[in-house]
Amino acid sequence: MRPLVAGNWKMNGLSASLAELGSLQDGLAVLGLRLGSDVLVCPPATLIAQAAWKVAGGAVALGGQDCHAKDSGAHTGDISAQMLKDSGASFVIVGHSERRQHHGESDGEVAAKAQAAWRAGLKAIICIGETQAPRYAGDANQICGKQLDGSVPGGATPANTVIAYEPVWAIGTGKTPTSADITAMHAHIRACLVRRLGKGGREMPILYGGSVKPDNAGEILNLPEVGGALVGGASLKASDFLSIIRAISGS
Ligand code: PEP
């Protein structure tokens, strides 16, 4: 299975930031056949259409950072999965911890958003992850198992869904779990997916996210059951993001 390195720009980026996408494209072209992963960038929705022109014909796919659970209607300010697809996206992140924390999104809403993504022909990147207190209390497996059960709809397959394990306490903090803890959690997530989805659960990619940087990417991305990375801060600069991509490509 080819790994996926996905960048989440969050609420960062204006038209001028598209120059970073150009630099990313150039760097990937230099890697050429040595590029060992698929590469995705999720800019703010306002930039997707312009970004699609910028990356046309290259190795970078585009994604949204969230979508509404409905296809259209009276939802002022919201963006549907169909709109993201129409702008040039092929993926959408759903259930990011910042959406769950700051917008009160429940597992059920995240599942409905994943289904909306599928209806639009987008691949859903469904995020799960525990906060610090359950990690210390030894409840991380139970929390993540519950999020998987509630957020991943029954129709999930490796063709329409990617899971991103992002411990909330590691996002943007510079802290990461130990390699042993990442390995143990990814094994747990795999077991939960297989129990729920059977064969499809065996092949569904599981990304790690949370303070992935050029200097730790090689170690993290080579752990068992880590099918790639979801990268926040370090995806904003093409040079950092390329270093992470090179770490997985071994070059
Ligand atoms: C994220 O928010 O998805 C993320 C992984 O952020 P960071 O890499 O900055 O920790």
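Q: Just checking my understanding: could you explain the overall build of the protein chain for this structure?
A: Scanning the protein chain for helices and strands turns up 11 helices and eight strands. Judged by the C-alpha coordinates and their principal axes, the protein chain covers about 45 × 45 × 35 Å. When the 251 residues of the protein chain are sorted by exposure, 51% land in the buried category. For the protein chain, long-range pairs separated by at least 24 residues make up 73% of all intrachain contacts whose partners lie at least 6 apart in sequence. With an accessible surface of roughly 10,700 Å², the protein chain has 54% of that area assigned to carbon and sulfur atoms. Separation of charge centres in the protein chain, based on 22 positive and 21 negative side chains, amounts to 3 Å.

Q: When you look at the site of the ligand in this model, what are you seeing that I'm missing?
A: With respect to spatial proximity, 14 residues lie near the ligand, and among them Lys10, His96, Glu166, Gly172 and Ser211 are the closest. In this structure, an oxygen atom belonging to the ligand sits 2.9 Å away from a main-chain N or O atom of Gly233. Grouping the amino acids of the shell around the ligand by side-chain chemistry returns four nonpolar, eight polar and two charged.

Q: Honestly, the pattern of salt bridges in this entry has me stumped. Any pointers?
A: Note that side chains of opposite charge can pair when their charged atoms are close. For the structure shown, the criterion picks out 12 salt bridges. Among the salt bridges present, the one from Asp66 reaches Lys113, with a minimum N-O distance of 2.8 Å. Taken together, the residues Asp66 in the loop between strand S3 (60-64) and helix H3 (81-87) and Lys113 in helix H5 (residues 107-119) connect sequence positions 47 residues apart. Of the two residues, Asp66 and Lys113, neither departs from the other in class, the shared state being buried.

Q: Whenever I open this one, unusual backbone geometry confuses me. Can you help?
A: Backbone geometry follows two general trends: most residues other than glycine have a negative phi, and most peptide bonds adopt the trans configuration. Look at Lys10: it is not a glycine, yet its phi comes out positive at around 55°. Here Lys10 is to be found in the loop between strand S1 (4-8) and helix H1 (18-31). For Lys10, a relative accessible area of 21% corresponds to the partly exposed category. Phi at Glu225 takes a positive value of approximately 70°, unusual for a residue other than glycine. Take Glu225: it is sitting in the loop between helix H10 (214-221) and strand S8 (228-231). Overall, Glu225 belongs to the partly exposed group, its relative accessible area being 35%.

Q: Would you explain the state of the cysteines in this entry?
A: Chemically, a disulfide is nothing more than a covalent bond linking the sulfur atoms of two cysteines. Across all of its chains, the model carries zero disulfides by this definition. No disulfide involves Cys127; its nearest neighbouring cysteine sulfur is the one of Cys42, lying 9.3 Å away.

Q: Before we go on, may I ask you to explain H5 in this structure?
A: Count 3.6 residues to each turn of an α-helix, and residues three or four apart come out pointing the same way. Between its first and last C-alpha, H5 extends 19 Å over 13 residues, near the 18 Å set by a 1.5 Å rise per residue. Asp107, Val110, Ala111, Lys113, Ala114, Ala116, Ala117 and Trp118 are the residues of H5 that are buried. Elements that come into contact with the buried residues of H5 comprise H3, strand S4 (91-94), helix H4 (97-102), strand S5 (123-128), helix H7 (140-151) and strand S6 (161-165).

Q: It is not clear to me how the pairing of S4 should be interpreted in this structure. Could you clarify?
A: Here is the key point about a regular strand: its side chains alternate between the two faces of the sheet. A two-sided burial pattern is seen for S4, the buried positions comprising Phe91 and Ile93 on one face and Val92 and Val94 on the other. Chirality of the crossover, the property in question, places the unit of S3, H3 and S4 among those that are right-handed. Where S4 meets S5, four bridges bridge the pair, whose relative direction is parallel. Following the sheet pairing, Ile93 is matched in S5 by Ile125.

Conventions adopted
- Residues numbered from 1 in each chain as written.
- Predicted model: local features only at pLDDT ≥ 70, side-chain atom pairs only at ≥ 80, totals over all residues.
- Heavy atoms only, no water.
- Helix = DSSP H or I, 4+ residues; strand = E, 2+ residues; numbered from the N terminus.
- Buried < 20%, exposed > 50% of the residue type's maximum accessible area, 1.4 Å probe, protein only.
- Contact = heavy atoms within 4.5 Å.
- Areas by Shrake-Rupley, 256 points an atom, 1.4 Å probe, with all protein chains shown as cover.
- Lys, Arg positive; Asp, Glu negative; His and termini not counted.
- Charge placed at Lys NZ, Arg CZ, Asp CG, Glu CD.
- Near = heavy atom within 4 Å.
- Polar contact = N/O pair within 3.5 Å; in protein donor to acceptor, adjacent residues only side chain to side chain.
- Nonpolar A, V, L, I, M, F, W, Y, C, P; charged D, E, K, R; others polar.
- Salt bridge = Lys/Arg side-chain N within 4 Å of Asp/Glu carboxyl O.
- Disulfide = S-S within 2.5 Å.
- Expected span 1.5 Å × (residues − 1).
- Right-handed = clockwise from strand over helix to strand, strands pointing away.
- Pairing = 2+ DSSP bridges.

By themselves, these are just geometric observations and shouldn't be taken as functional.
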